[in-house]
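Descriptive analysis of the structure
As a plain string of letters, each chain reads:
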Amino acid sequence: FNTALVDGDRLWAAGNDCVKDSGGTSSELCVYKFTDPGSLDNPVLDTAIDVPGEGSAGDVAVFGTLVAVASEDGLHFYDRQSLVFQSSYIPVSNYWYRAVAIVGDVAYLGDGYNKVFALDISNPASPLPIGQPLTLPHSKRAFQWSQDTLSIGCENTLAKVPLNPNGSFGAAVVFHDGPGR
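Rules used in this analysis
Residues numbered from 1 in each chain as written. Predicted model: local features only at pLDDT ≥ 70, side-chain atom pairs only at ≥ 80, totals over all residues. Heavy atoms only, no water. Helix = DSSP H or I, 4+ residues; strand = E, 2+ residues; numbered from the N terminus. Buried < 20%, exposed > 50% of the residue type's maximum accessible area, 1.4 Å probe, protein only. Contact = heavy atoms within 4.5 Å. Areas by Shrake-Rupley, 256 points an atom, 1.4 Å probe, with all protein chains shown as cover. Polar contact = N/O pair within 3.5 Å; in protein donor to acceptor, adjacent residues only side chain to side chain. Patch = residues over 30% accessible without salt bridge, like charges linked within 9 Å, V, L, I, M, F, W, Y side chains within 5 Å. Salt bridge = Lys/Arg side-chain N within 4 Å of Asp/Glu carboxyl O. Pairing = 2+ DSSP bridges. Axes fitted to C-alpha atoms, helices over the stretch in contact; angles between N-to-C directions.

1. What to know about the overall build of the chain
For the chain, the helix and strand inventory stands at zero helices and 17 strands. By the burial criterion, 46% of the 181 residues in the chain qualify as buried. Partitioning the contacts of the chain with sequence separation of at least 6, the portion at a separation of at least 24 is 34%. Summing over all exposed atoms, the chain offers an accessible surface of approximately 9000 Å²; the carbon and sulfur share of this is 50%.

2. Let's talk about the side chain of Ser 71
Considering the arrangement of structural elements, one finds Ser 71 in strand S6 (residues 66-71). For Ser 71, the side chain forms a polar contact with the side chain of Asp 73, separated by 2.8 Å. There is a polar contact of 2.9 Å between the side chain of Ser 71 and the side chain of His 76. Contacts of Ser 71, omitting those with residues within four sequence positions, involve Val 51, Pro 52, Ser 56, Ala 57, Gly 58, His 76, Trp 96 and Tyr 97.

3. Quick word on a nonpolar patch on the surface
Taken together, Leu 158, Val 173 and Phe 175 make up a surface patch of nonpolar side chains, about 270 Å² in accessible area. Here Val 173 lies in strand S17 (residues 173-177).

4. Let's talk about the environment of Val 100
Looking at the secondary structure, you find Val 100 in strand S9 (residues 97-103). Residue Val 100 is classed as buried on the basis of its relative accessible area, which comes to 5%. Along the primary structure Val 100 and Ala 61 are separated by 39 residues, whereas in three dimensions their C-alpha atoms are 6.5 Å apart.

5. Notes on the sheet that holds strand S7 (residues 74-79)
Overall, antiparallel pairing links the four strands, which are arranged S5-S6-S7-S8 in an open sheet. Single-partner strands in this sheet number two, and they are strand S5 (57-63) and strand S8 (85-89). The average angle at which neighbouring strand axes cross in this sheet is 20 degrees, direction not considered. Sheet topology note: the S5/S6 ladder contains six bridges and is antiparallel. When the sheet's bridge partners are listed, Val 60 is paired in S6 with Val 69.

6. Brief notes about the environment of Tyr 97
Inspection of the secondary structure assignment puts Tyr 97 in strand S9. Distance from Tyr 97 to Leu 75, taken between C-alpha atoms, is 7.7 Å for residues 22 residues apart in sequence. Excluding residues within four positions of it along the chain, Tyr 97 makes contact with Gly 58, Ala 70, Ser 71, Glu 72, Gly 74, Leu 75, Tyr 89, Pro 91, Leu 109, Gly 110, Asp 111 and Phe 117.

7. Things to note about the pairing of S5
The buried fraction of S5 is high, at six of seven residues. Between S5 and S6, which pair antiparallel one after the other, the connecting turn spans two residues, and Gly 64 there sits at a positive phi close to 60 degrees.

8. Notes on unusual backbone geometry
A positive phi angle, near 70 degrees, is found at Leu 83, a position not held by glycine. If you trace the backbone, Leu 83 turns up in the loop between S7 and S8. For Leu 83, a relative accessible area of 12% translates into the label buried.

Here it is in C-alpha cells:
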C-alpha cells in the first residue's frame, strides 16, 4: 500500500495492486472492515475499487461524508458509507498526485514532482484551484496538518508551510534539504 487510513470500522488502503482477482486484474483502492469494532486486528476485505483513470491511488483523506483519493490523474471522491463514486477533479496539467491533506474546505495535493496545489472543495462536485501552486525542492511523500500549518515530508526535506485563511500558502520554511546541509 502507498497509504492507509482508519475511518471508524473501516480501513481505506490506497496503492498499486492492493488486491488482485483470479484473472490478475488489480484494484487501486481497497476498503477493509474490522471484524471486531474494538480492535484493529484481522480486517476483512469489504470492497476493491478501481480508481477512475490510469495509474494507482496515492493517498486518502476524509472530508465530511466523503473520502478523497489522490491518484495519478486527479482527486476522486467516494461516499464514506456506500463506497459509491461521487465526483473527480482532473487537472488540465499532467501531474501525479501522491499525497492529500484536507483542512476545512481546502484539499492540498502534492504531485509526484515538486508542487503542492490547493483546491477549494466546498463543492466536491466542482473543485476550484486556489492561487498558484507551491514549489518545493523535492517530490512529496507525506502530508500532515495541524491547525494552520501544513508539514510536508519530501525525500531529504521537511518543510512547514503556514496556511492562510483563504487556503493559499504562506512562505515555506525548509528545515533540512539533503544530506550534510
